[in-house]
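Here are the chains, one letter per residue:
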Amino acid sequence: MSKTDDDWKRELTPEQYQVLRKHGTERAGTSPLNDEHREGMFRCAGCGTPLFDSDTKYDSGSGWPSFFRPKDGAVETSSDNSRFMRRTEVHCAKCGGHLGHVFPDGPKPTGDRYCMNGVALKFEPKE
Ligand SMILES: [Zn+2]
């Protein structure tokens, strides 16, 4: 995917652009996806790639939509040492859009907590 910054600015909402392309973080508790409990697929808001199945979503109490396992090969990680914290950054494997971070305090079976910005995701209910 080779989109220019201008392309992304045009296609995304300002909130999506800030998170996906500028590594922003939405305010905790603001995403409607926190309360999304239907069956379906969470896709990348940038390119539409399926990222998380609804049966891997759980309530972490963090105020951000949280998942314990991404779809195979859907996301990639990199180390993020900004803001004096050591964190693992998570982005879409296809478009490189920033999604959130992964922490090692998730539930079984993976023990991972994918802490995602809801604005970087698009939910598609199963029909
Ligand atoms: Zn993407």
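Criteria and thresholds
- Residues numbered from 1 in each chain as written.
- Predicted model: local features only at pLDDT ≥ 70, side-chain atom pairs only at ≥ 80, totals over all residues.
- Heavy atoms only, no water.
- Phe/Tyr/Trp six-rings, centres within 6.5 Å; stacked < 30°, edge-to-face > 60°.
- Helix = DSSP H or I, 4+ residues; strand = E, 2+ residues; numbered from the N terminus.
- Buried < 20%, exposed > 50% of the residue type's maximum accessible area, 1.4 Å probe, protein only.
- Lys NZ or Arg CZ within 6 Å of the ring centre and 35° of its normal.
- Donors = N, O, S within 2.8 Å, 3.2 Å for Na, K, Ca; no water.
- Tetrahedral: all angles 85-135°; square planar, octahedral: opposite > 155°, others 65-115°.
- Pairing = 2+ DSSP bridges.
- Axes fitted to C-alpha atoms, helices over the stretch in contact; angles between N-to-C directions.

(A) Main features of the packing of aromatic side chains. One pass over the structure, following the stated rule, counts four aromatic pairs. Residues F52 and F67 carry aromatic rings whose centres are separated by 4.2 Å and whose planes lie at 20° to one another, so their mutual orientation is stacked. Residue F52 is located in strand 2 (residues 50-53), and its partner F67 is located in strand 4 (residues 66-67); the two are separated by 15 residues in the primary sequence. Here F52 matches F67 in class, with each residue buried. Ring pairs connect the aromatic residues F42, F52, F67, Y114 and F123, which therefore count as one cluster. Here K3 stacks its cationic end above the ring of W8, 4.7 Å away from the centre of that ring.

(B) Local environment of the coordination of the zinc ion. For the zinc ion, the full set of protein donor atoms is C44 (SG), C47 (SG), C92 (SG) and C95 (SG), at a range of 2.3 to 2.4 Å. Around the zinc ion, the four donor atoms are arranged such that angles at the metal cover 103 to 114°; this shape is classified as tetrahedral. Written as a sequence motif, the donor residues of the zinc ion are C-x2-C-x44-C-x2-C.

(C) Structural detail: the sheet that holds strand 2. Here we have three strands laid out as an open sheet, ordered 2-1-9, and antiparallel in their pairing. Strand pairing shows two members of the sheet lacking a second neighbour, strand 2 and strand 9 (121-125), which therefore form its edges. The sheet shows a mean angle of 30° between the axes of neighbouring strands, taken without regard to direction. Looking at chain direction, strand 1 (residues 40-44) and strand 2 are connected through three bridges and run antiparallel. Within the sheet, the bridge partner assigned to F42 lies in strand 2 and is F52.

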